Every structure is written in structure tokens, then in C-alpha cells.
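Here is what each chain is made of, one letter per residue.
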Amino acid sequence: MTQQEFLNIVMPFKDKVFRLAKRLLVSTEEAEDATQEVLLKLWNNKKNIEGYKNVEAFSMTMTKNFCLDKLKSKQAQNLKIVHSNYEDGNTALQKQVEVNDSVNWVAKIIEELPDQQKLIVQLRDIEDYDLDEIAQMLQMNNTAVRVALSRARKTIREKLTNTHNYGIK
């Protein structure tokens, strides 16, 4: 496999690998390192890459496992989550503050979810994977993925509603 063939296979999903790593590790630098490690492992294993049914799912599973191993080894540093994906010049300042506050609350609530639910929310709602693909990646039953996703969304909805209704948690 040439370098160009490898890039044609890997480039379409490398950003998804990064976003999953960022969700799990929080730190941008840690996520960049994890992404680089996963891509390096894929490159070193390029002879077998064509044998995989779904290279993207395989790389997402590798990313999940690498990040969880990194967190378990306590190499990760807990850094503050910073979201900047809601910038709009036409929005009033008050609305911007409210949206940023809501995004920060949702991110905080997601971080408090159990690891499995956190992964499923990331893969389904942020990365937009199908339930079947998530079940395959996490080696779970499709029904179990749907139940975990439903519970995670319910928890997020309830905590966010309580925060907006009552102010501080």
C-alpha cells in the first residue's frame, strides 16, 4: 500500500478520530497525540488494513481503547473544556452568553455521565454514527446501545432543565 492509498483511506475520518479523542481526553493536546498514535498504528499495520471490513470503525475502536488506556495510566491532565463552535456575528451578546453557557453546561453534564453513555452520546449525537456501527465498535447489543443512549439523553435533558429552572445546580 502506498502512502497516497493510505491517505485516501484514512483522511475522510481522521477528524472524527480527533473529536472522539478530545471528548474522552478533554485536552486538545492530548487528543492530537492520541490521534497521531492511532494513525501511526494504522500506518504500521497498513499491510492488514485492507482485510478490515470497516477501517473507520476499527480506527474509532482503536481510539476509544487508546484514550481509555491513557486515562487509566493517569498520564492525562484534566484541563478545562473550551467550546467555540457557537460563534455568530449576528447574534446579540446576551444570546451568545446564554448559548455558550448552555453549551458549557451540556459539556459538563456529558463529562459526568458514565463512560459508556459518554462514548455513545459522542458517537451518535456528535459523530453521527448509526446505532449498528456503534454497537459494532463498542461490542454491544444494538438494544443496549439504544437504552444507554436514551438514558444518557434523559439525564442530560433533566439536568439541563433543572439548571435552567433553578439556576446553580
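Residues numbered from 1 in each chain as written. Predicted model: local features only at pLDDT ≥ 70, side-chain atom pairs only at ≥ 80, totals over all residues. Heavy atoms only, no water.

**Structural notes on the overall build of the protein chain**
What counts is decided by this rule: Helix and strand labels come from DSSP, where a helix needs a run of H or I of at least four residues and a strand needs a run of E of at least two; each type is numbered from the N terminus. Working definition: with a 1.4 Å probe on protein chains only, accessible area under 20% of the residue-type maximum means buried, over 50% means exposed, and in between means partly exposed. The criterion used for residue contact is that any of the two residues' heavy atoms lie within 4.5 Å. Shrake-Rupley sampling with a 1.4 Å probe provides the accessible areas, and residues are treated as covered by the protein chains on show and by no other component.
A tally of regular secondary structure across the protein chain gives 8 helices and 0 strands. Ordered by position from the N terminus, the helices and strands of the protein chain form the series α-α-α-α-α-α-α-α. By residue count, 34% of the 169 residues in the protein chain fall in the buried class. Restricting to contacts in the protein chain with at least 6 residues of sequence separation, those with at least 24 account for 67%. Carbon and sulfur atoms provide 47% of the accessible area of the protein chain, an area that totals close to 10,700 Å².

**Digging into the packing of aromatic side chains**
Heads up, the rule is: Each Phe, Tyr or Trp ring (for Trp, its six-membered ring) is paired with any other whose centre lies within 6.5 Å, and the angle between the two planes then decides the class: stacked below 30 degrees, edge-to-face above 60, tilted in between. Geometrically, a lysine NZ or arginine CZ counts as sitting over a ring once it is within 6 Å of the ring centre and also within 35 degrees of the ring normal.
The full count for this structure, using the stated rule, is 2 aromatic pairs. Ring geometry for Phe 6 against Trp 43: centres 5.0 Å apart, planes inclined by 75 degrees, an arrangement best described as edge-to-face. Taken together, the residues Phe 6 in helix α1 (residues 3–10) and Trp 43 in helix α3 (residues 28–44) connect sequence positions 37 residues apart. What makes Trp 43 partly exposed here is its relative accessible area of 28%. Ring geometry for Tyr 52 versus Phe 58: centroids 4.1 Å apart, planes at 20 degrees, classification stacked. When its relative accessible area of 26% is taken as the criterion, Tyr 52 is described as partly exposed. Stacked on the ring of Tyr 129, the Lys or Arg Lys 16 has its end atom at 4.8 Å from the ring centre. Above the face of the Trp 43 ring, Lys 46 is positioned so that its terminal group lies 3.6 Å from the ring centre.

**Some remarks on the packing of helix α2 (residues 14–25) against α3**
Condition: Interaxial angle, 0 to 180 degrees, is taken between N-to-C directions of lines fitted to C-alpha atoms, where a helix line uses only the stretch in contact. Should an angle lie under 35 degrees it is considered roughly parallel, over 145 roughly antiparallel, and from 65 to 115 roughly perpendicular; all remaining angles are considered oblique. What makes a crossing left-handed is the near helix being turned counterclockwise from the far one by less than a right angle; a clockwise turn instead makes it right-handed.
α3 packs onto α2 with a crossing angle of 135 degrees between their chain directions and a minimal axis gap of 8 Å. Viewed along their axes, α2 and α3 adopt a mutual orientation that is oblique. Viewed along their axes, α2 and α3 form a crossing whose handedness is right-handed. Contacts between α2 and α3 involve Lys 14, Val 17, Phe 18, Ala 21, Lys 22 and Leu 25 from the first element and Thr 28, Glu 30, Ala 31, Glu 32, Ala 34, Thr 35, Val 38 and Leu 39 from the second.

**Looking at the confidence of the model for the protein chain**
Where we set the bar: Per residue, pLDDT captures the predictor's confidence, and it can take any value from 0 to 100.
In the predicted model, the protein chain carries a mean pLDDT of 82, and 87% of its residues have values of at least 70. Averaged over each element, pLDDT in the protein chain is lowest for helix α5 (residues 93–112) (82) and highest for α3 (91). With pLDDT under 50 throughout, residues 75–86 is counted as low confidence; its partners more than four residues away or in other chains account for 21 contacts.

**Details of the pattern of salt bridges**
Put simply, the test is: For salt bridges, the criterion is a side-chain nitrogen of Lys or Arg within 4 Å of an Asp or Glu carboxyl oxygen.
Under the criterion given, the structure shown has 9 salt bridges. One salt bridge in this structure joins Arg 19 and Glu 127, with 2.9 Å as the shortest N-O distance. Separated by 108 residues along the polypeptide, Arg 19 in helix α2 and Glu 127 in the loop between α6 (115–126) and α7 (131–138) bring together distant segments of the chain. With relative accessibility at 34%, the residue Arg 19 sits in the partly exposed group. Given the relative accessible area of 2%, Glu 127 is considered buried. Residue Lys 70 is joined to Glu 30 by a salt bridge in which the shortest nitrogen-to-oxygen separation is 3.7 Å. Taken as a pair, Lys 70 in helix α4 (residues 55–72) and Glu 30 in helix α3 lie far apart in primary sequence, 40 residues in all.

**Section: the nonpolar core**
Our working definition: Here, nonpolar core means buried Ala, Val, Leu, Ile, Met, Phe, Trp, Tyr and Cys residues that are tied together by side-chain atoms lying within 4.5 Å of each other. Residue ranges labeled as domains rest on an automatic or database domain assignment.
Ranked by internal contacts, the top residues of the largest apolar core, which has 41 residues, are Leu 42, Ile 120 and Leu 123. Mapped onto this core, the elements with two or more residues apiece are α1, α2, α3, α4, α5, α6, α7 and α8 (142–166). Each of domain 1 (1–83) and domain 2 (99–169) accounts for three or more of the residues forming this core. What Leu 42 contacts, discounting residues up to four positions off in sequence, is Phe 6, Val 10, Phe 13, Ile 49, Phe 58, Ser 59 and Met 62.

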